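Topology and contacts: notes
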There are 2 protein chains.
Amino acid sequence: MIKKYTKTANYSYTIGFFPTFELLKYQKEQFKQLYVSNNAIDSDGYLKLKNMLSFQQIVVSDKIFSKLDIKENAHVLAVFNKYQTILNTNADHLVLVNPSDQGNLGNAMRTLLAFGYHDLAIIEPATDHFNPKTVRASMGAIFHINIECFTSFADYLAKYPRPYYPFVLSESTPLSKIEFASHCALVFGNEATGLPPAIYNRNNVRIEQSDEVDSLNLTTSIAIGLYELKKQKGLN
Amino acid sequence: MIKKYTKTANYSYTIGFFPTFELLKYQKEQFKQLYVSNNAIDSDGYLKLKNMLSFQQIVVSDKIFSKLDIKENAHVLAVFNKYQTILNTNADHLVLVNPSDQGNLGNAMRTLLAFGYHDLAIIEPATDHFNPKTVRASMGAIFHINIECFTSFADYLAKYPRPYYPFVLSESTPLSKIEFASHCALVFGNEATGLPPAIYNRNNVRIEQSDEVDSLNLTTSIAIGLYELKKQKGLN
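Residues numbered from 1 in each chain as written. Chains lettered and ligands numbered in written order. Predicted model: local features only at pLDDT ≥ 70, side-chain atom pairs only at ≥ 80, totals over all residues. Heavy atoms only, no water.

Comments concerning the interface of chain B and chain A
- Taken together, the contacts link 34 residues of chain B with 34 residues of chain A.
- Interface area for chain B against chain A, summed over the two sides, is near 2,800 Å², with a carbon-plus-sulfur share of 55%.
- Counting the surface chain B buries against chain A, the share from its top three residues, R110, E212 and Y227 of chain B, is 21%.
- Here chain B is connected to chain A by two salt bridges.
- For K231 of chain B, the salt bridge goes to E228 of chain A, with nearest N and O atoms at 2.7 Å.
- For the interface between chain B and chain A, the tally reads eight residue pairs in polar contact (both at pLDDT 80 or more).
- Among the secondary structure elements, those contributing two or more residues to the side of chain B that touches chain A are α1 (17–26), α4 (102–114) and α7 (218–232) of chain B.
- With seven residues, α7 of chain B is the largest single contributor of residues to the side of chain B that touches chain A.
- When grouped by side-chain class, the residues that make up the side of chain B that touches chain A number 13 nonpolar, twelve polar and nine charged. (Contact = heavy atoms within 4.5 Å. Buried area = accessible area lost by both parts, 1.4 Å probe. Salt bridge = Lys/Arg side-chain N within 4 Å of Asp/Glu carboxyl O. Polar contact = N/O pair within 3.5 Å; in protein donor to acceptor, adjacent residues only side chain to side chain. Helix = DSSP H or I, 4+ residues; strand = E, 2+ residues; numbered from the N terminus. Nonpolar A, V, L, I, M, F, W, Y, C, P; charged D, E, K, R; others polar.)

Put into structure tokens, the structure is as follows:
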């Protein structure tokens, strides 16, 4: 039986049916083992999974859910090997600099995919993108996007040189006035501290907002940036 | 000492410094009592609050935080009377039909305010907009917007007749092709079930998205709708 997840483990797991289907659809070669609770063995979802897997790949167990301290009312859990992917050079990228919240990171993946984009660069230090909480927040989107981690923004840019747009709160052009270059990168900073000024450039963008609130949250800002990018490129 | 929050109580409370400042700034007449933990009595935030309040309005207590089962690492809590507001007829409205999640509802308030809008209609059944979790998710935005609850969408429309745009997933015009009428309403359905077809009209709108994901989440969709509305009206 697997142990509780740690960042250094070479495996992670999906919790619940939806992300498990996404795993089997898009990264089946990484799949290792399915755990299912006794409550779920008659469910339609489980019957569907059973048809996709061999007998040896399935373990019926209630204990695993309490052992791993899973608070959600979940009945399946699929263990998978962590894996590496590289970004597509001929596509737009989302770059997250030092994201610290697993829910936000997972949500960003889901939003990226929702707008038809597939390439996410993460600049470290950052929260672990394979943490089960991130996987869950992504609703399984993690399995059909490319994710590449870098130790600095400069390293990212050296490997993928391109025009990039830092999203900031000041000294910048309103989003609606920006003309995005092709194969560009949208760059967002940490939830609390924003982007380091070293990343600022002449393409700084802001989403104009009322001064009555602190600021839009990170996932909302990412969604609006991607919406405008997609719209400009005529994909809407 | 106050009791744990219930929907039928005539009071609610803010948790943490930020929403407490917002309460005192925008709805001071509703404020009843501040509780502060011993840990926080030397903090800058508390000193600032102390200057805004009278001695009788402050109770130092650690017990209240455990008694109310507050899981966040919070050190202040401000009790306030629930109150009613009405919408501004001469403004655009956000209408949420049967929102069920406190976090989403609070986030929607924050996003509404971020784009400079102030009017939210809630169609019941709906999660309680004064629940402390909603107040917290709103980051205090709840205190500077107008919120009015209705038992049906028809009741809302009878009181505030106006063009309205139901956000749906099909049979609709892409958001980028919509021309919003002045003093309109953007209408969003429940997180899981969407809008009831009875609310559909010729102004149905969709945010075009990839078929690789289930759908954008509610708060993201609201943010994009409001962004586009604000942009069209030249406020960006």
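Moving on from the model shown.
Some remarks on the sheet that holds strand β6 (residues 119–123) of chain B
All names here are of chain B.
- With parallel pairing, the five strands of this open sheet are ordered in space as β7-β6-β5-β10-β8. Since the sheet does not close on itself, it has two edges, and those belong to β7 (146–150) and β8 (164–166), each with one partner. If you compare each strand with its neighbour and ignore which way they point, the axes differ by 20 degrees on average.
- Of the pairings in the sheet, the one linking strand β5 (residues 93–97) to strand β10 (residues 185–188) comprises four bridges and is parallel in character. Note that in β10 the partner of L94 across the bridge is L186.
- α4 contacts β5, β6 and β7 of the sheet and is inclined by roughly 155 degrees relative to β6.
- Packing against the sheet, α7 makes contact with β5 and β10, and its axis sits at approximately 165 degrees to β10. (Pairing = 2+ DSSP bridges. Axes fitted to C-alpha atoms, helices over the stretch in contact; angles between N-to-C directions.)

Examining the pairing of strand β4 (residues 76–81) of chain A
Residues and elements named next belong to chain A.
- The buried count for β4 comes to five of six residues, which makes it a mostly enclosed element.
- By the bridge criterion, five bridges tie strand β1 (residues 11–15) to β4 in an arrangement that is antiparallel. In the sheet register, T14 faces β4, and the bridge partner there is A78.
- Relative to β4, strand β2 (residues 31–36) runs antiparallel, the two sharing five bridges. Of the residues in β4, the one forming a bridge with F31 is F80. (Buried < 20%, exposed > 50% of the residue type's maximum accessible area, 1.4 Å probe, protein only.)

With respect to helix α2 (residues 44–52) of chain A
Residue and element names in this part refer to chain A.
- Among the residues of α2, those classed as buried are G45, Y46 and L49. Each buried residue of α2 lies within a common arc of 95 degrees when the element is viewed along its axis, so the set occupies one face. Of the residues in α2, the exposed ones pointing more than 90 degrees away from the buried face are D44 and N51.
- Buried residues along α2 sit in contact with α1 (17–26), β2, β3 (58–60) and β4. (Arc of directions from axis to C-beta.)

A short note on the packing of helix α7 (residues 218–232) of chain A against α7 of chain B
- At a closest axis distance of 9 Å, the pairing of α7 of chain A and α7 of chain B adopts a crossing angle of 55 degrees. It follows from the interaxial angle that α7 of chain A and α7 of chain B lie oblique. Like other packed secondary-structure pairs, α7 of chain A and α7 of chain B cross with a definite hand, here right-handed. Between α7 of chain A, through T220, A223, I224, Y227, E228 and K231 of chain A, and α7 of chain B, the contact on the second element is made entirely by T220, A223, I224, Y227, E228 and K231 of chain B.
- Looking at the contact of α7 of chain A with α7 of chain B residue by residue, the classes come out as six nonpolar, two polar and four charged. (Parallel < 35°, antiparallel > 145°, perpendicular 65-115°, else oblique. Left-handed = near helix turned anticlockwise from the far one by under 90°.)

Topic: the packing of aromatic side chains
- In this structure the tally under the stated criterion is 27 aromatic pairs over all chains.
- Residues F153 of chain B and Y156 of chain B carry aromatic rings whose centres are separated by 5.8 Å and whose planes lie at 40 degrees to one another, so their mutual orientation is tilted. Highlighted residues: F153 of chain B and Y156 of chain B, both in helix α6 (residues 153–159), separated by three residues, approximately one helical turn. For the pair F153 of chain B and Y156 of chain B, one class covers both residues: buried.
- Feature note: the residues F150, F153, Y156, Y160 and Y164 of chain A constitute an aromatic cluster, connected by ring pairs.
- One Lys or Arg, K48 of chain A, reaches over the ring of F21 of chain A and ends 4.3 Å from the middle of that ring. (Phe/Tyr/Trp six-rings, centres within 6.5 Å; stacked < 30°, edge-to-face > 60°. Lys NZ or Arg CZ within 6 Å of the ring centre and 35° of its normal.)

It is worth stressing that arrangement in space is one thing and function is another; only the former is reported here.
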